[in-house]
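Structural description and commentary
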Amino acid sequence: MVVEFFTENKMGNYFNKMKILKKIRLTIGTKLVGLIALLLMASVTSLVWLSTAMFTDDTTALIKQTNADTAASIATQMRELFESTNEKMRIIGTVLMQPMSDPFVKKHIVEEFFSKDKDLLLVAVHKHEADGSVALTEKSVSPLLTQLNDADGSQALDSLSKDKDFSLVQVAKGEIQMATLRLTDGSAALAISLPLVQSSGD
């Protein structure tokens, strides 16, 4: 058995430490308040995190939906534009191919299309020959090309013929061809070519 003896000073220090520990010891009420505070802080933190996550998800979904709606709207507008252009090209091409006793009537009809649609610059009709070659048979030019020093549209057609991705032979086979080209003023234009009529040898 080990017996430890304390001096008076050591005993005094021991009792002082015990008194300090008793003073520092938390009551049950304090512990409950602290626990409740921690739970509240955890709840608020969780709520903020969930709110942020939900807001981010909702915003992302809204952006995706907005982009999808915008893309659908643009696609609809482009489809309507191409359908309108297709119809105009077919009408003008048909008019140009029709034999008329008075050429001024044909010219007046075509000029009406150019006057109402300033984006329409040139309509040309090509014939696919039996030997595989393609020949220009009819064309009509917008007055706007005259202002660009290309009154007969020859420069625009020459620029289009040099485009390696554009083939009138493929159009004769039933395909629709599109290409971009530069006009004499440096502006860009879209060329669309589509099959008009098909007969033996054409």
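Everything here concerns the structure above.
Keep in mind that this is a model prediction, so the values were computed, not measured. (Residues numbered from 1 in each chain as written. Predicted model: local features only at pLDDT ≥ 70, side-chain atom pairs only at ≥ 80, totals over all residues. Heavy atoms only, no water.)

Observations concerning the nonpolar core
Judged by nonpolar contacts, Leu121, Leu145, Leu148, Ala156, Leu160, Phe166, Ala179, Leu181, Leu183, Ala189 and Ala191 together constitute the single largest core of 11 residues. Looking at this core, the elements with two or more residues in it are helix H5 (154–161), strand E3 (177–182) and strand E4 (188–193). In terms of nonpolar packing, the next biggest core, distinct from the first, is built from 8 residues, Ile92, Leu96, Leu120 and Val123 among them. (Core = buried A, V, L, I, M, F, W, Y, C linked by side-chain atoms within 4.5 Å. Buried < 20%, exposed > 50% of the residue type's maximum accessible area, 1.4 Å probe, protein only. Helix = DSSP H or I, 4+ residues; strand = E, 2+ residues; numbered from the N terminus.)

Comments concerning the pairing of E3
Side-chain alternation along E3 places Gln177, Ala179 and Leu181 on a buried face and Met178, Thr180 and Arg182 on a face that remains uncovered. Hairpin remark: E3 followed by E4, antiparallel, with 5 residues in the connecting loop; positive phi at glycine 186, about 90°. (Pairing = 2+ DSSP bridges.)

Some thoughts on the packing of helix H2 (residues 28–97) against helix H3 (residues 103–116)
Relative to each other, H2 and H3 sit at 165°, their axes nearing to 10 Å. Judged on the interaxial angle alone, H3 and H2 are roughly antiparallel. Handedness of the crossing formed by H2 with H3: left-handed. Counting all contacts with H2, which are made through Lys88, Ile91, Ile92, Val95 and Leu96, the residues of H3 involved are Lys106, Ile109, Val110 and Phe113. Of the residues assigned to the contact of H2 with H3, the class counts are 7 nonpolar, no polar and 2 charged. (Axes fitted to C-alpha atoms, helices over the stretch in contact; angles between N-to-C directions. Parallel < 35°, antiparallel > 145°, perpendicular 65-115°, else oblique. Left-handed = near helix turned anticlockwise from the far one by under 90°. Contact = heavy atoms within 4.5 Å. Nonpolar A, V, L, I, M, F, W, Y, C, P; charged D, E, K, R; others polar.)

Read these as spatial facts, not as claims about activity.
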